[in-house]
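# A look at the structure
Listed here are the chains, written in short residue letters.
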Amino acid sequence: MNFDRRPSRPLIEAPLQFRTSSGGERAKHNALITCPKCDAPCFIRRSVRVTETVKHIDAHCTNTGCGHTFGLEMVFRHSYNPGLIDRPDLHLPICPRELVPHVLPPSRDGPEDPDQLTMFNGG
Ligand SMILES: [Zn+2]
């Protein structure tokens, strides 16, 4: 009798990706924050919401030869679609229609778009 019930194929196919690997072109391009001194991707250590439209972020560089730690500010720029909640008190500007980006999920077969956001492919 065969008690080995393991499936012949893995249940989930999820290729391991090291997007923040030191010196990797892709990591540099896809990292949310890059070091202003050496362009390496950075870890976010802490973030504090200052107002509805401003967040302060403490980050540190992943390049051990750099080690830069710094603070930065993330600021609301404009809405692409104003959504369903009315908040006239925030005075949020709306992006001109011709400048609204079209962000699509990645194609399984097609070539990878280097400008694609990483949130869709687990990077
Ligand atoms: Zn650095």
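Above: the structure in question.
These remarks concern the structure in this document.

Procedures and definitions
- Residues numbered from 1 in each chain as written.
- Predicted model: local features only at pLDDT ≥ 70, side-chain atom pairs only at ≥ 80, totals over all residues.
- Heavy atoms only, no water.
- Salt bridge = Lys/Arg side-chain N within 4 Å of Asp/Glu carboxyl O.
- Helix = DSSP H or I, 4+ residues; strand = E, 2+ residues; numbered from the N terminus.
- Buried < 20%, exposed > 50% of the residue type's maximum accessible area, 1.4 Å probe, protein only.

## Notes on the pattern of salt bridges
Inspection of the entire model under this criterion finds three salt bridges. Here Arg46 ties to Asp58 by a salt bridge, and the two come within 3.0 Å at their closest N and O atoms. Of this pair, Arg46 sits in strand S1 (residues 42-49) while Asp58 sits in strand S2 (residues 54-61), and the two are 12 residues apart along the sequence. We classify Asp58 as partly exposed; its relative accessible area is 29%. Measuring nitrogen to oxygen at the nearest pair gives 2.8 Å for the salt bridge that ties Arg87 to Asp89. Residue classification places Arg87 among the partly exposed positions, given a relative accessible area of 35%. A residue is classified by how much of its surface remains accessible, and Asp89, at 47% relative accessible area, is partly exposed. Residues participating in the shared-partner salt-bridge network are Glu52, Arg87 and Asp89.

## Structural notes on unusual backbone geometry
Positive phi is not limited to glycine here, since Asp39 has a value of about 70 degrees. By secondary structure assignment, the location of Asp39 is in the loop between helix H1 (25-30) and S1. Of note, the phi angle at His91 is positive, near 50 degrees, even though the residue is not glycine. By relative accessible area, His91 is classed as exposed at 66%.

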